[in-house]
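Listed below, chain by chain, are the residues.
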Amino acid sequence: MKTRVLWVIALQIMLGLGMLLGACTPPVQYPPPGYDSSDRSVRKPNDREREIDKRRKTGECAKDDNCSEICDDIFTARKDREECEEYSIADVESIEDVFKVLEDPDLEDLEDLKLTDLEFLLDISPSPLEKSVSRMKSSSERKDFLAWLATNSEAANIVANAEDDFGIMKDLFGSGSASSIVQEINKTVDGGDNFVEIALDEGNEVALEWLHDFYGDKCENKDRYETCIFRDFYCGLKLSSDFDEQFFDYTFFEDMLDEVLETEQGAGVANAYTAEDWGTASDSTYGEWPAGTEAGDLESWNSAPNNVCGEVEADDYAAR
């Protein structure tokens, strides 16, 4: 009997401690705050309170014929039109202003866009933007849109997070072969610079990593995934001056290049290099780098003294 009493007391103490700990410990959240299902380290929703969060579904637009017509003009899917009509007339007119700019993009107008209104539009559906990009009437419209994304990291962040399956990227640069995509990327956008050069000059990590992820999507089912991204895309970029060195400032690029160096050093391809030598004395065109070389040890990656592209291409040529 005494043992049973002691057991009951112990159980009560344990339950009490459990309730106390439960009261002090915050509940586990899943997904955790800041979780991004696409695993894009740079491109995540802003933590600040956004104006878009203050918009409320008043149903006012549905009662106004002119406002309903605006929703019909912007959205083709019925569910999107109905969602549009749930907001106030003022809110719908704000996204109409965005839509008009996207239909006939001009760099000055794009720079004046209220980004919270752009995000509001894309939260309903990215389709209007995707259609506008695919229907850009002239090369100047495309150049202005690209220049805007390359210089404005917040705009790039909003667009990148809204698109489905790299739809915007495919409309801008194509969805064919790697060589055709790179050819489009290398086209001049502004001041003699291409999209990548402008983004590098602006330090726009969002745009650069968004493009990097697009490369990865194209290499998704390829052997030597990182080598595919590096060889098929980065090595085809036309970069003037010291732009290639600026890529070393970005973790996503260094991580990829480290994987390439590690993979390719162990490839053991005849007449190229082995696991013991990454760049041999007989292959001095591309420089000598000892085994274990990492991206952080290099001065360059597509030119002397460390032309990694040359080594990777030599490897592939020898392998064929």
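First, a word on what this report is: a plain description of the structure on this page. (Residues numbered from 1 in each chain as written. Predicted model: local features only at pLDDT ≥ 70, side-chain atom pairs only at ≥ 80, totals over all residues. Heavy atoms only, no water.)

Here we look at a negative patch on the surface
A cluster of acidic side chains, namely Asp-104, Asp-106, Glu-108, Asp-109, Glu-111 and Asp-112, defines a negative patch on the protein surface. Along the chain, the position of Glu-108 falls in helix H5 (residues 107-112). Owing to a relative accessible area of 54%, Glu-108 belongs among the exposed residues under this scheme. (Patch = residues over 30% accessible without salt bridge, like charges linked within 9 Å, V, L, I, M, F, W, Y side chains within 5 Å. Areas by Shrake-Rupley, 256 points an atom, 1.4 Å probe, with all protein chains shown as cover. Salt bridge = Lys/Arg side-chain N within 4 Å of Asp/Glu carboxyl O. Lys, Arg positive; Asp, Glu negative; His and termini not counted. Charge placed at Lys NZ, Arg CZ, Asp CG, Glu CD. Helix = DSSP H or I, 4+ residues; strand = E, 2+ residues; numbered from the N terminus. Buried < 20%, exposed > 50% of the residue type's maximum accessible area, 1.4 Å probe, protein only.)

Section: the layout of surface pockets
Its volume calculated, the largest pocket comes out at about 220 Å³. If you trace the largest pocket, you find it lined by Phe-166, His-212, Asp-213, Gly-216, Asp-217, Glu-220, Tyr-225, Glu-226, Ile-229, Phe-252, Asp-255 and Met-256. Secondary-structure elements contributing two or more residues to the lining of the largest pocket are helix H13 (205-218), helix H14 (225-232) and helix H16 (251-265). When residues of the lining of the largest pocket are assigned to their parent elements, the largest contribution, four residues, is made by H13. By residue class, the composition of the lining of the largest pocket is five nonpolar, two polar and five charged. (1 Å grid on protein atoms, 1.4 Å probe; cavity = no way out; pocket = protein on both sides within 12 Å on 5 of 7 lines; lining within 4 Å. Points joined across faces, edges and corners; volume = space filled by probe spheres on them. Nonpolar A, V, L, I, M, F, W, Y, C, P; charged D, E, K, R; others polar.)

Things to note about the packing of helix H2 (residues 65-74) against helix H4 (residues 89-103)
Closest axis-to-axis distance for the H2/H4 pair is 10 Å, and the angle between their directions is 35 degrees. When you trace H2 past H4, the crossing you get is left-handed. Note on element contacts: H4 touches H2 through Ile-89, Val-92, Glu-93, Ile-95, Glu-96 and Phe-99, opposite Cys-67, Ile-70, Cys-71, Asp-73 and Ile-74. Classifying every residue of the contact of H2 with H4 by side-chain character gives eight nonpolar, no polar and three charged. (Axes fitted to C-alpha atoms, helices over the stretch in contact; angles between N-to-C directions. Left-handed = near helix turned anticlockwise from the far one by under 90°. Contact = heavy atoms within 4.5 Å.)

Some thoughts on unusual backbone geometry
The peptide bond linking Ala-304 to Pro-305 adopts the cis configuration, its omega dihedral lying at 5 degrees. With respect to the helices and strands, Pro-305 occurs in the loop between strand E4 (289-290) and helix H17 (308-319).

Examining helix H6 (residues 115-124)
Summarising burial for H6: nine of the ten residues are buried, a large majority. Tucked inside the fold, the buried residues of H6 contact H2, helix H3 (78-85), H4, helix H7 (127-134), helix H8 (139-151) and helix H9 (153-162).

Examining the state of the cysteines
Enumeration according to the criterion identifies four disulfides in this entry. Covalent S-S linkage joins Cys-61 and Cys-67, the inter-sulfur distance amounting to 2.0 Å. Here the disulfide of Cys-61 and Cys-67 is left-handed, its torsion about the S-S bond being about -110 degrees. Just as Cys-61 is buried, Cys-67 falls in that class too. (Disulfide = S-S within 2.5 Å.)

Considering the packing of aromatic side chains
A full pass over the atoms with the stated rule returns 15 aromatic pairs. Ring geometry for Tyr-234 and Trp-301: centres 6.2 Å apart, planes at 85 degrees, overall edge-to-face. Placement of Tyr-234 in the loop between H14 and helix H15 (243-246) and of Trp-301 in the loop between E4 and H17 is noted, with a sequence separation of 67 residues between them. Accessibility expressed as a relative area gives 2% for Tyr-234, which makes it buried. Through pairs of rings, three or more aromatic residues link up here, namely Tyr-215, Phe-230, Phe-233, Tyr-234, Phe-247, Phe-248, Phe-253 and Trp-301. (Phe/Tyr/Trp six-rings, centres within 6.5 Å; stacked < 30°, edge-to-face > 60°.)

Observations concerning the pattern of salt bridges
Enumeration according to the criterion identifies eleven salt bridges in this entry. Residue Arg-78 is joined to Glu-82 by a salt bridge in which the shortest nitrogen-to-oxygen separation is 3.0 Å. Of this pair, Arg-78 and Glu-82 are both found in helix H3, four residues apart, which corresponds to roughly one turn of the helix. The salt bridge partner of Glu-96 is Lys-100, with a shortest N-O separation of 4.0 Å. With Glu-96 and Lys-100 both in helix H4 and four residues apart, the pair spans about one turn of that helix. Assessed through its relative accessible area of 21%, Glu-96 is described here as partly exposed. Overall, Lys-100 belongs to the exposed group, its relative accessible area being 52%. Salt bridges sharing partners connect three or more residues here, namely Arg-55, Asp-91 and Asp-117.

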